[in-house]
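# Commentary on secondary and tertiary structure
Letter by letter, the chains look like this.
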Protein chains: 2
Amino acid sequence: MKSVQVCLSPALLPFYELDDAVAVVIDIFRASSSICYGLANGAKAIIPVADLDECLPYRGNGCLVAAERNGEVVEGFDFGNSPFSYTKENIAEKTVVLTTTNGTQAIRRCLAAKRVVIGSFLNITTLSDWLRKQDHPILLVCSGWKNHFSLEDTVFAGAVVNRLKTDGTVIDDAAQAAESLYLEARGDLATYLRKSSHHQRMQRLHIEQDIAFCLREDLVSVIPVLEGKELVCLNEPAAPVGRP
Amino acid sequence: MKSVQVCLSPALLPFYELDDAVAVVIDIFRASSSICYGLANGAKAIIPVADLDECLPYRGNGCLVAAERNGEVVEGFDFGNSPFSYTKENIAEKTVVLTTTNGTQAIRRCLAAKRVVIGSFLNITTLSDWLRKQDHPILLVCSGWKNHFSLEDTVFAGAVVNRLKTDGTVIDDAAQAAESLYLEARGDLATYLRKSSHHQRMQRLHIEQDIAFCLREDLVSVIPVLEGKELVCLNEPAAPVGRP
């Protein structure tokens, strides 16, 4: 691990060198949390696509199609991005084609990276342990909300910075700031994130139980990784859950 | 004042509605600080331009030309963006044509705003008092470093959010975060900002006295405003220095 940077919006990706980097895509509420949960529950693969139209060819092809826009399930789709839809019963052995307002767009914009993995509080320790062993710069990519900064993605990025940082680690200003925010928030993440606009948006949609779920640390020990067009479980022996 | 938002990088400006907004351009180290100081010291106007080439027609036309790139004065120009060049002796009654790595680029990208003003610690109280009375959304625009997030610009934006915010103010996630960072930093700004990459860049250039100067609050009571192509002192009666 050579350096840790935080990209606060997918729109800022053109200003980072992706080629040699491991990109970690973060969309805490809720795409990256649901992707981690879904793969841990035995989904064969999750295929992130940017547009609703791109989902259509997969329908009736043995795939589940999932779509969220502005926080809600899009009509006619099997489900959206609530983690409670990504249970064993619903998706074990299945391929899910997923499009969301922010997270799947961010994944698509990271395709030039050496490797693209998915981060959430649900897999934070497994992910951080693996990142620490990579011989590449780490770029934590916050999906945000329609290219705007989002508090929850940044606080999560800060939690990862906090776990990765050693005396010699080169980190950028955004990583400094993200870690500061995390250190302020970590005593009571749920209360701190109540300030976030996304939280308020989700409150209006009565999906507060999703928020609580997405803030649970280390519920799973998978690392979703992009292989071609598909997110699958990282094939390397997973690091054991728990800090070394 | 309807709402307060913080734009963390000029590259994110396309995602904000500028038309009805008062845009405050922030480039603490050092363009916005030097602009405030220069106008307070009697400069007739400061003309921000994006490119070195754009400066040339103004040369020998009675204007001073100032250019900074990567923290250093560009060869052949009268000076760069160190506030110590913007003294009464140097610039009273003169027009300065200025181009910098970040700040003047940000100003140019805000041209669609209702009004463009310049903020720095040097004029923070005068500026905040004036902003509080505006009947428009406030957009605090951090110039950053080559479109990347910068700690010092964001902490300053947070200081303004902190001064403007009342119970009814709508603020976005970036403003929340900026205020959090400011509240953490304000006990000892200079030490906190030592973490910033720009500070380290300036330390290498031996311009640490510029940093200390740019962190001094309320040294001046001007508000630089863009009129056509020129930054001039706001023509309205300035609010008295000091909080109401």
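Model, not experiment: these values are computed from the prediction.

This part takes up the overall build of chain A. Within chain A, the regular secondary structure consists of ten helices and eleven strands. Dimensions along the principal axes, computed over C-alpha positions, put chain A at roughly 50 × 35 × 35 Å. When burial is assessed residue by residue, chain A has 63% of its 244 residues classed as buried. Looking at chain A alone, contacts between residues at least 24 apart form 77% of all its contacts between residues at least 6 apart. When the accessible surface of chain A is summed, it comes to about 9500 Å², and 47% of that surface belongs to carbon and sulfur atoms. Placing the 24 positive and 30 negative side-chain charges of chain A at their respective mean positions leaves the two points 2 Å apart.

So, on to the nonpolar core. Within the largest apolar cluster, 94 residues are counted, with the highest numbers of intra-cluster contacts made by Val6, Leu131 and Leu140 of chain A together with Val6, Leu131 and Leu140 of chain B. Within the second largest apolar cluster, 72 residues are counted, among which are Cys7, Leu12 and Leu64 of chain A together with Ala23 of chain B.

We now examine the packing of aromatic side chains. Inspection of every chain in the model, using the stated rule, returns eight aromatic pairs over all chains. With centroids separated by 4.8 Å and ring planes inclined at 70°, the aromatic side chains of tyrosine 37 of chain B and phenylalanine 213 of chain B adopt a geometry described as edge-to-face. One end of the pair, tyrosine 37 of chain B, is in helix 1 (residues 31-40); the other, phenylalanine 213 of chain B, is in helix 10 (residues 208-214), with 176 residues separating them in the sequence. Relative to tyrosine 86 of chain B, the ring of phenylalanine 79 of chain B has its centre 5.1 Å away and its plane inclined at 75°; by these criteria the two rings are edge-to-face. Judged by its relative accessible area of 0%, tyrosine 86 of chain B falls in the buried class. In this structure an aromatic cluster arises from ring pairing among Tyr37, Phe84 and Phe213 of chain A. Of note, arginine 59 of chain A hangs over the ring of phenylalanine 77 of chain A, and the distance from its end group to the ring centre comes to 5.5 Å.

Let us look at unusual backbone geometry. Residues and elements named next belong to chain A. A cis amide bond links phenylalanine 29 with the next residue in sequence, arginine 30, at an omega value of 15°. Of note, arginine 30 is situated in the loop between strand 2 (22-26) and helix 1 (31-40). You will see that glutamate 93, though not glycine, has its phi angle at about 70°, which is positive. Its place among the elements puts glutamate 93 in the loop between helix 3 (88-91) and strand 6 (95-99). Taking relative accessible area as the criterion, glutamate 93 reaches 59% and is therefore assigned exposed.

Residues and elements named next belong to chain A. Tracing the sequence through the fold places asparagine 70 in the loop between strand 4 (63-69) and strand 5 (72-73). The sequence separation of asparagine 70 and leucine 151 amounts to 81 residues, and the corresponding C-alpha distance is 17 Å. Beyond its immediate sequence surroundings of up to four residues, asparagine 70 is in contact with Thr101, Trp145, Lys146 and Leu205. For asparagine 70, the side chain forms a polar contact with the side chain of lysine 146, separated by 2.7 Å.

Okay, the environment of proline 137 of chain A next. Mapping proline 137 of chain A onto the fold places it in the loop between helix 5 (124-132) and strand 8 (138-142). Residues contacting proline 137 of chain A, with those up to four places away along its chain left out, are Lys2, Ser3, Asp20, Ala21 and Val22 of chain A.

In this section: the relation of the copies chain B and chain A. Mapping chain B onto chain A calls for a screw motion: a turn of 180° about the axis and a shift of 0.0 Å along it, with 0.0 Å RMSD after fitting. Here the transformation between the copies is reduced to the relation of a two-fold axis.

Let us now look at helix 7 (residues 173-185) of chain B. Residues and elements named next belong to chain B. In a regular helix each residue adds 1.5 Å, so 13 residues correspond to 18 Å; helix 7 covers 18 Å between its end C-alpha atoms and thus fits that length. Most of helix 7 sits out of view: eleven of its 13 residues are buried. Buried within helix 7 we find Asp173, Ala174, Ala175, Gln176, Ala177, Ala178, Glu179, Ser180, Leu181, Tyr182 and Ala185.

The rules behind these values
- Residues numbered from 1 in each chain as written.
- Chains lettered and ligands numbered in written order.
- Predicted model: local features only at pLDDT ≥ 70, side-chain atom pairs only at ≥ 80, totals over all residues.
- Heavy atoms only, no water.
- Helix = DSSP H or I, 4+ residues; strand = E, 2+ residues; numbered from the N terminus.
- Buried < 20%, exposed > 50% of the residue type's maximum accessible area, 1.4 Å probe, protein only.
- Contact = heavy atoms within 4.5 Å.
- Areas by Shrake-Rupley, 256 points an atom, 1.4 Å probe, with all protein chains shown as cover.
- Lys, Arg positive; Asp, Glu negative; His and termini not counted.
- Charge placed at Lys NZ, Arg CZ, Asp CG, Glu CD.
- Core = buried A, V, L, I, M, F, W, Y, C linked by side-chain atoms within 4.5 Å.
- Phe/Tyr/Trp six-rings, centres within 6.5 Å; stacked < 30°, edge-to-face > 60°.
- Lys NZ or Arg CZ within 6 Å of the ring centre and 35° of its normal.
- Polar contact = N/O pair within 3.5 Å; in protein donor to acceptor, adjacent residues only side chain to side chain.
- Least-squares fit on C-alpha atoms with pLDDT ≥ 70 in both.
- Expected span 1.5 Å × (residues − 1).

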